[in-house]
Amino acid sequence: MGLIKFVKDWTLPVSIGFGAVVYLIFAYTPELDGVSRMLAPTFDTILPLFMFLVLFVTFCKVDFRKLRPKKWHLWVSVFQTVMVAFITAAVIGLKLRGDSLVLMEAILTCIIGPCAAAAAVVTQKIGGGLEEMTSYTFISNVVTALLIPLCFPLIDKSADMSFWQAFVIILYKVCVVLVVPMGLAYIVKHFMHRFHRWVTGVKDLSYYLWGLSLTIVSGTTVKNIVHADTTIWFLLVIAVLSLLLCISQFAIGRFIGHYFDRAIDAGQALGQKNTAFAIWIAYTYLAPLSSVGPGCYILWQNIINSVEIWHCRKKGEERAV
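Cut-offs and rules
Residues numbered from 1 in each chain as written. Predicted model: local features only at pLDDT ≥ 70, side-chain atom pairs only at ≥ 80, totals over all residues. Heavy atoms only, no water. Salt bridge = Lys/Arg side-chain N within 4 Å of Asp/Glu carboxyl O. Helix = DSSP H or I, 4+ residues; strand = E, 2+ residues; numbered from the N terminus. Expected span 1.5 Å × (residues − 1). Buried < 20%, exposed > 50% of the residue type's maximum accessible area, 1.4 Å probe, protein only. Arc of directions from axis to C-beta. Core = buried A, V, L, I, M, F, W, Y, C linked by side-chain atoms within 4.5 Å. Contact = heavy atoms within 4.5 Å. 1 Å grid on protein atoms, 1.4 Å probe; cavity = no way out; pocket = protein on both sides within 12 Å on 5 of 7 lines; lining within 4 Å. Points joined across faces, edges and corners; volume = space filled by probe spheres on them. Phe/Tyr/Trp six-rings, centres within 6.5 Å; stacked < 30°, edge-to-face > 60°.

Draft legend 1. Main features of the pattern of salt bridges. All told, the structure shown has two salt bridges when counted by the stated rule. The shortest N-O distance in the salt bridge between Glu 132 and Arg 262 comes to 3.1 Å. In this pair, Glu 132 is assigned in helix 7 (residues 130-155) and Arg 262 in the loop between helix 11 (232-258) and helix 12 (263-271), connecting sequence segments 130 residues apart. The salt bridge partner of Glu 308 is Arg 254, with a shortest N-O separation of 3.4 Å. One end of the pair, Glu 308, is in helix 14 (residues 292-314); the other, Arg 254, is in helix 11, with 54 residues separating them in the sequence.

Below, the structure written as structure tokens:
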């Protein structure tokens with residue numbers, strides 16, 4: 001019972017550690033090499049499924065009549081856009097190349113990445129608003145979809161893509177991840193009442209589904225780090241910069257939010273990123289090594305989330321999701 005309670009209390013760091021350890025076991029055990037290659041496509045397939053289920057369960061609890069933009073959404077989006085413009089201008093103005101360019105690209109992907117689709121889960125759990133966070137998730141993805149095709153071709157000439165090509169690709173992924181589970185949740189909530197009561201009646205279902213998806217993402221991140229073609233010191237620099245950036249974004253988000261009595265919501269909105277998406281865009285359009293930045297960001301943001309949840313639990317304010 002003590003072990004079960006520990007896993008429940010520290011689901012996020014346990015998920016990260018378990019995913020990392022399992023990957024290392026398979027990577028450094030020659031007898032498991034064939035199994036590893038066989039399972040890799042399966043994990044690539046089930047990760048989007050887990051994210052889909054997390055959002056479906058979360059959206060089943062959303063009051064769709066309350067999904068509307070708020071003032072703090074605008075200011076958080078403005079800050080993100082200004083920071084992206086600043087990083088892009090710095091890369092162009094200083095004509096960065098080599099490791100310096102990789103560092104800036106790693107930082108950029110941690111900023112330009114949209115709000116995590118699962119951010120609403122943590123926000124609700126620590127006392128924030130589910131509907132306002134869900135609304136911002138959509139806004140954040142649209143902002144990201146506009147910024148990426150504008151900025152990436154300017155900072156990396158290998159990012160050979162037209163505006164509309166990138167825009168359509170990103171919006172397609174957004175629709176699959178966000179719109180489809182929301183549409184199904186709307187149908188279930190209004191037309192399948194018995195099934196809806198069952199889904200919403202399972203305590204913390206979306207939270208534990210998210211933990212399982214985090215296990216897979218963590219294994220992928222360790223894989224990228226292990227196979228990175230660089231020195232350990234350069235990887236440490238990326239890790240430290242992503243840590244400082246993570247802390248800064250959570251803090252600045254809370255600072256913006258306190259003016260609107262939404263410190264929790266705005267902090268999660270700016271700080272908790274869709275790192276799986278950020279890793280994909282870094283690996284696809286920029287230097288592959290820059291994907292280590294959002295890979296490390298996964299660890300830092302979930303440590304912060306775990307501390308926030310622990311603090312709420314200690315005060316007796318943790319909510320079931």
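Draft legend 2. Focus on helix 2 (residues 11-27). With 17 residues, helix 2 extends 24 Å between its outermost C-alpha atoms, agreeing within 8% with the 24 Å of an ideal straight helix rising 1.5 Å per residue. Looking only at helix 2, the buried set comprises Thr 11, Leu 12, Ser 15, Ile 16, Gly 19, Ala 20 and Tyr 23. Down the axis of helix 2, the smallest arc covering the buried residues is 160 degrees, so these residues share one side.

Draft legend 3. Region of interest: the nonpolar core. Phe 56, Trp 72, Val 76, Met 133 and Trp 210 are the most contacted members of the largest nonpolar core, which totals 44 residues. For this core, the leading source of residues is helix 3 (residues 33-59), giving seven residues. What Trp 210 contacts, discounting residues up to four positions off in sequence, is Leu 12, Val 54, Ala 118, Val 122, Gln 272, Asn 302 and Asn 305. Counting residues in hydrophobic clusters, the runner-up holds 39 residues, among them Leu 103, Ile 107, Leu 108 and Ile 148.

Draft legend 4. Molecular detail of empty space enclosed by the protein. Here the structure, examined in full by the defined rule, presents one cavity of 30 Å³ or more. The computed volume of the largest cavity comes to approximately 40 Å³. As for the largest cavity, its lining consists of Leu 103, Ala 106, Ile 107, Cys 110, Ile 238, Leu 241, Ser 242, Leu 245 and Gly 293. Looking at the lining of the largest cavity, the elements that each hand over two or more residues are helix 5 (98-112) and helix 11.

Draft legend 5. A look at the packing of aromatic side chains. Under the criterion given, the structure shown has four aromatic pairs. Here Phe 195 and Trp 198 contribute two aromatic rings whose centre-to-centre distance is 6.0 Å and whose plane-to-plane angle is 15 degrees, an arrangement assigned as stacked. Here the residue Phe 195 and the residue Trp 198 both occupy positions in helix 9 (residues 193-201), the gap between them amounting to three residues, near one helical turn. One aromatic cluster is present, formed by Phe 56, Phe 195 and Trp 198 through successive ring pairs.

Draft legend 6. Focus on unusual backbone geometry. Phi at Lys 95 takes a positive value of approximately 50 degrees, unusual for a residue other than glycine. Along the chain, the position of Lys 95 falls in the loop between helix 4 (71-94) and helix 5. With a phi close to 60 degrees, Asp 261 is a non-glycine residue in the positive phi region. Mapping Asp 261 onto the fold places it in the loop between helix 11 and helix 12. Looking at Asp 261, the relative accessible area reads 63%, which means it is exposed.

Read these as geometric descriptors, not functional statements.
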